[in-house]
Amino acid sequence: MLAVLAPGQGAQKPGMLTDWLDLPGAEAFFRWAGAIADADLLTLGTTGDAEAIKDTAVTQPLVVAMSLFVARELGGLPGPVSHTPHAGRDVVITGHSVGELTAAALAGVLSIEAAIALTAVRGRAMAAACARTPTGMSAVLGGDPDEVLAAIAQHGLTPANMNGAGQIVAAGSLDGLAALKADPPAKARIMPLSVAGAFHTEYMAPARAELEGLVDGLRPAEPSRLLLSNADGHAVSTGAEVLSRLVTQVTSPVRFDACLATMRELGVTAVIELPPAGALAGLAKREWKGSTEKHGIEIVALSGPDDLDRARELIGAERGRPEAEHLPDWRVVVSPVRGTVSPAEVAEGSRLPAGTPLGLVRSRREEVHVSAGYDGVLAEWLVHEGDLVDAGDPIARLYPEVDA
């Protein structure tokens, strides 16, 4: 099985488009994408300095457009294929944060035009939300995970990204981040990030509200490839659920660690990270340390056009491989945010179509709805009414439904 990873904001580098512009149609593509995004992506990606390309409003469409162009240059990924929501086939796709919009397009849920346009709105809305209140983010590298999460909570911060490989990103007030840096958890290192604000926290609620007002105008298709969500690492089986999660992820933590765990469980044999590449491939190598050598997992970060031939070889190999029939026995539904949980009145043993509401989690600022990400049977509730949960805590256990 081939995994395709789509990077998010923070992966950008000055001049990152330059080497790719020698490819036929590249300049025209980025002019066209820039017209959709209402931003000069071509100039930003070639001569824009680090300060210019860290502006959230333009960085997000720049990163997504670059990933989509190179995916198109690869000649198309394997598929489309039919699959039940968790059955492995020839390719699994996931993105990190705004990279989920790239992934949605690659899975056939959104057109390239819709993905770029929605990304541009997302970027502008998040930039505006950042301007309301001074906030930030810091990476916590190393340390005991439980101690790291406790320290983040102690300073009133949110674990906005749980990336795996010993990397958790804290987000929130500048005072809280300063206090965390001054008193880090044991054996952990704090690295402040050069970002405009606290992404994937409740500070982004205005941006989420703006996106909610737009997505009803879209008509998503059903995923034609296995598409994993940052919310919990689960596959998403309907276009409507993909759109819903693209909206809620603006204020919810990124669980890339869960996506990595699912990919390993599915038996991924090769990984391609689309450009601007490097960060996600590095996380996969560190998280799967030992497995890459033992199971022969090849990880390719597309750093430039010279890497395209090897990526095409991996895609060609997956096209010729017999379909896998892997099906995990069960999946855990987790809370997307910290708060008080109210489970839905659904009896254990009930059959649940994808999208069935499973309850909501009330935080100080909002109510976040939780639903089934795929057809299945509710095996067990893991919480009760009024329980306090953190982002990532398990709520229920589901068995995927298998077609006879």
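Here goes a summary of the coordinates provided. (Residues numbered from 1 in each chain as written. Predicted model: local features only at pLDDT ≥ 70, side-chain atom pairs only at ≥ 80, totals over all residues. Heavy atoms only, no water.)

### Considering the layout of surface pockets
Consideration 1: Roughly 710 Å³ of volume is contained in the largest pocket.
Consideration 2: As for the largest pocket, its lining consists of 34 residues, of which Q9, G10, A11, L193 and V195 are closest to the centre.
Consideration 3: Broken down by secondary-structure element, the contributors of at least two residues to the lining of the largest pocket are α5 (112-132), β3 (135-142), β4 (158-164), β5 (167-173) and α11 (279-287).
Consideration 4: Per-element accounting of the lining of the largest pocket gives the leading share, four residues, to α11.
Consideration 5: Taken together, the residues of the lining of the largest pocket break down into 18 nonpolar, twelve polar and four charged. (1 Å grid on protein atoms, 1.4 Å probe; cavity = no way out; pocket = protein on both sides within 12 Å on 5 of 7 lines; lining within 4 Å. Points joined across faces, edges and corners; volume = space filled by probe spheres on them. Helix = DSSP H or I, 4+ residues; strand = E, 2+ residues; numbered from the N terminus. Nonpolar A, V, L, I, M, F, W, Y, C, P; charged D, E, K, R; others polar.)

### Some details on the packing of helix α1 (residues 26-37) against helix α3 (residues 56-73)
Consideration 1: Contact geometry for α1 and α3: axes closest at 10 Å, N-to-C directions at 140 degrees. When the axis of α1 is compared with that of α3, the two are oblique. Between α1 and α3 lies a crossing whose hand is right-handed. Side by side, α1 and α3 meet where A26, F29, F30, A33 and A37 of the first sit next to P61, A65, M66, L68, F69 and R72 of the second.
Consideration 2: Of the residues in the contact of α1 with α3, the class split is ten nonpolar, no polar and one charged. (Axes fitted to C-alpha atoms, helices over the stretch in contact; angles between N-to-C directions. Parallel < 35°, antiparallel > 145°, perpendicular 65-115°, else oblique. Left-handed = near helix turned anticlockwise from the far one by under 90°. Contact = heavy atoms within 4.5 Å.)

### Quick word on the packing of aromatic side chains
Consideration 1: This structure, assessed with the given rule, holds four aromatic pairs.
Consideration 2: Their ring planes at 85 degrees and their centres at 5.3 Å tell us that F29 and F30 sit as a pair that is edge-to-face.
Consideration 3: On the accessibility criterion, F30 (1% relative accessible area) is buried.
Consideration 4: Connected via pairs of aromatic rings, a cluster forms that spans F29, F30, W32 and F69. (Phe/Tyr/Trp six-rings, centres within 6.5 Å; stacked < 30°, edge-to-face > 60°. Buried < 20%, exposed > 50% of the residue type's maximum accessible area, 1.4 Å probe, protein only.)

### Brief notes about empty space enclosed by the protein
Consideration 1: Following the criterion strictly, the structure yields three cavities of 30 Å³ or more and no others.
Consideration 2: In this model, the largest cavity occupies a volume close to 80 Å³.
Consideration 3: Forming the boundary of the largest cavity are E100, A103, A104, L227, L228, S229, V236, V242, R245 and L246.
Consideration 4: Where the lining of the largest cavity is concerned, the elements lending two or more residues are α4 (99-106) and α9 (239-248).
Consideration 5: Taken together, the residues of the lining of the largest cavity break down into seven nonpolar, one polar and two charged.
Consideration 6: The volume enclosed by the second largest cavity comes to roughly 40 Å³.

### What to know about the side chain of T248
Consideration 1: Within the secondary structure, T248 is located in helix α9.
Consideration 2: A residue is classified by how much of its surface remains accessible, and T248, at 18% relative accessible area, is buried.

### Quick look at helix α10 (residues 256-266)
Consideration 1: Counting buried residues in α10 gives eight out of eleven residues, a clear majority hidden from the surface.
Consideration 2: Within the span of α10, buried status applies to F256, D257, A258, C259, L260, T262, M263 and L266.
Consideration 3: G267 occupies a position one or two residues after α10 and carries a positive phi of about 85 degrees.

### With respect to helix α8 (residues 205-215)
Consideration 1: Considered for burial, the residues of α8 that qualify are A207, R208, L211 and V215. Along α8, the residues classed as buried sweep out an arc of 100 degrees about the axis, all on the same side. (Arc of directions from axis to C-beta.)

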